[in-house]
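# Examination of the molecular architecture
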Amino acid sequence: MGTTRMIHEFQGPFVYWTEVDNHASIKSRLMPFIKKLSENNNSTVTVDGSTSTYYHQTYPYITGDMLEEIVWKPLDDMMNTKGLEKPEDGYGIEGLWWNNYTDGGRTQVHKHERADWSGVYVLHLEGENTTTFCSQYGQSPNSGYMNEIKRFSEVTEGCVMIFPSFMQHYADVSQGNRIIVSFDITYNKKRIPLTFGT
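What counts as what
- Residues numbered from 1 in each chain as written.
- Predicted model: local features only at pLDDT ≥ 70, side-chain atom pairs only at ≥ 80, totals over all residues.
- Heavy atoms only, no water.
- Core = buried A, V, L, I, M, F, W, Y, C linked by side-chain atoms within 4.5 Å.
- Buried < 20%, exposed > 50% of the residue type's maximum accessible area, 1.4 Å probe, protein only.
- Helix = DSSP H or I, 4+ residues; strand = E, 2+ residues; numbered from the N terminus.
- Contact = heavy atoms within 4.5 Å.
- Phe/Tyr/Trp six-rings, centres within 6.5 Å; stacked < 30°, edge-to-face > 60°.
- Pairing = 2+ DSSP bridges.
- Axes fitted to C-alpha atoms, helices over the stretch in contact; angles between N-to-C directions.
- Expected span 1.5 Å × (residues − 1).
- Bend = angle between axes of the 7 residues up to and from the residue.
- Parallel < 35°, antiparallel > 145°, perpendicular 65-115°, else oblique.
- Left-handed = near helix turned anticlockwise from the far one by under 90°.
- Nonpolar A, V, L, I, M, F, W, Y, C, P; charged D, E, K, R; others polar.
- Salt bridge = Lys/Arg side-chain N within 4 Å of Asp/Glu carboxyl O.

### Description of the nonpolar core
- Of all hydrophobic cores here, the largest spans 34 residues; its most connected members are Leu30, Met78, Leu96 and Trp117.
- Going through the elements one at a time, helix H1 (23-38), strand S4 (58-63), helix H2 (64-82), strand S5 (91-101), strand S6 (117-125), strand S9 (159-164) and strand S11 (178-187) are the ones with two or more residues in this core.
- Beyond its immediate stretch of four places on either side in the chain, Leu96 contacts Tyr59, Ile62, Leu67, Val181, Ser182, Phe183, Leu194 and Phe196.
- The next biggest cluster of nonpolar side chains, apart from the first, holds 14 residues, and it includes Leu125, Phe152, Ala171 and Ile180.

### Notes on the packing of aromatic side chains
- Enumeration according to the criterion identifies 7 aromatic pairs in this entry.
- Seen in terms of ring centroids, Trp72 and Tyr91 are 6.1 Å apart; in terms of plane orientation they differ by 5°. Their pairing is stacked. One end of the pair, Trp72, is in helix H2; the other, Tyr91, is in strand S5, with 19 residues separating them in the sequence.
- The interplanar angle of 75° and the centroid separation of 4.8 Å between the aromatic rings of Phe133 and Phe163 together place this pair among those described as edge-to-face.

### Here we look at the sheet that holds strand S8 (residues 148-151)
- Taken in spatial order, the 3 strands of this open sheet run S8-S7-S10, and their pairing is antiparallel. Each edge of the sheet is formed by a strand with only one pairing partner; in this case those strands are S8 and strand S10 (168-171). Averaged over all pairs of adjacent strands, the angle between strand axes in this sheet comes to 20°, irrespective of strand direction.
- Of the pairings in the sheet, the one linking strand S7 (residues 131-135) to S8 comprises 4 bridges and is antiparallel in character.

### What to know about H2
- Taking 1.5 Å as the rise per residue, H2 with 19 residues should run 27 Å; its terminal C-alpha atoms sit 25 Å apart, in good agreement.
- At Trp72, H2 is deflected by roughly 30°, the largest bend along its length, and proline Pro74 occurs up to four residues later in sequence.
- Taken together, the buried positions of H2 are Met66, Leu67, Glu69, Ile70, Val71, Pro74, Leu75, Met78 and Met79.
- Downstream of H2 by one or two residues, Gly83 has phi in the positive range, about 70°.

### With respect to the packing of H1 against H2
- Contact pair H1 / H2: the axes reach a minimum separation of 11 Å and the direction vectors enclose 120°. Between H1 and H2, the crossing angle belongs to the class labelled oblique. Taken as a pair, H1 and H2 cross one another with a handedness that is left-handed. Counted together, Ile26, Arg29 and Leu30 of H1 and Asp65, Met66, Glu69 and Ile70 of H2 form the full contact between these two elements.
- Across the contact of H1 with H2, the residue classes break down as 4 nonpolar, no polar and 3 charged.

### Some words on unusual backbone geometry
- Phi is positive for Asn22, close to 60°, though the residue is something other than glycine.
- Tracing the sequence through the fold places Asn22 in the loop between strand S1 (16-19) and H1.
- The backbone phi angle of Asp48 is positive, close to 50°, even though this residue is not glycine.
- Locating Asp48 in the fold gives a position in the loop between strand S2 (45-47) and strand S3 (50-52).
- On the basis of relative accessible area, Asp48 is assigned to the partly exposed category, the value being 39%.

### A few points about the pattern of salt bridges
- Under the criterion given, the structure shown has 8 salt bridges.
- In this structure, the salt-bridge partner of Lys86 is Asp76, at a minimum N-O distance of 3.8 Å. With Lys86 in the loop between H2 and S5 and Asp76 in helix H2, this pair connects stretches of sequence that are 10 residues apart.
- For Lys86, a relative accessible area of 37% corresponds to the partly exposed category.

### Focus on the side chain of Ser38
- Along the chain, the position of Ser38 falls in helix H1.
- Ignoring sequence-local partners within four residues, the contact set of Ser38 consists of Thr51, Trp98 and Asn100.

Structural measurements only, silent on function.
So this is what it looks like as C-alpha cells:
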C-alpha cells in the first residue's frame, strides 16, 4: 500500500430538526380544518389508517405567516447550520399535504424523488414520534452492513424535521392520534406553484 491516502467526503444524508415558533397558535388554527376534512371522504384519501390530502393543490387555510414558521425559517437555519450554499434563484414549495394518523396508522417506506428537500412538521402527537429514517448505502443483494435505521425520540410535538428528499423514511405504527404537515422544496427553476391563503 502506498503512502498517499485521500478521502473526499460527499454531502451525505442527514436529518435536521428544530422547534417551530408559534406552534400553539398554528395548531389552534389548523386543527379544526384538518379534523373537518378528515371526516369528508370526498376531500381526502385514507390508506393504512392515515387520512391525507396528498393530491390537493390548494390550501386556503394555510397562510404565509404559517409557512414562514413551518418551512422558511427552519429551512434557512438548516442551510446555515450545515454551511450549504443557497441557490441563486431561491427555492419554492413543490408539494404540501397533511396526514392524520389514527391509533395504529402507518405509512410504507418511501422517498420524495421530485424534490430537493423534504420536511415533516409534527402538528399533533399522542405518544412517541414514529417517523423513522433509513440511511441506505446499498441495495439488495448488497449486504447492507453500513445501513442505518433511526428514529428521533427528541422530536416531539411542535418540531419540524428537514432532510434530503432522496432519504428513505416511513411512519411506524402510531401510538394514538398523530397529525403531521409534510412538504417538498425544490429550487425555483423546477418549482410548480401551489395556492395558499393570504
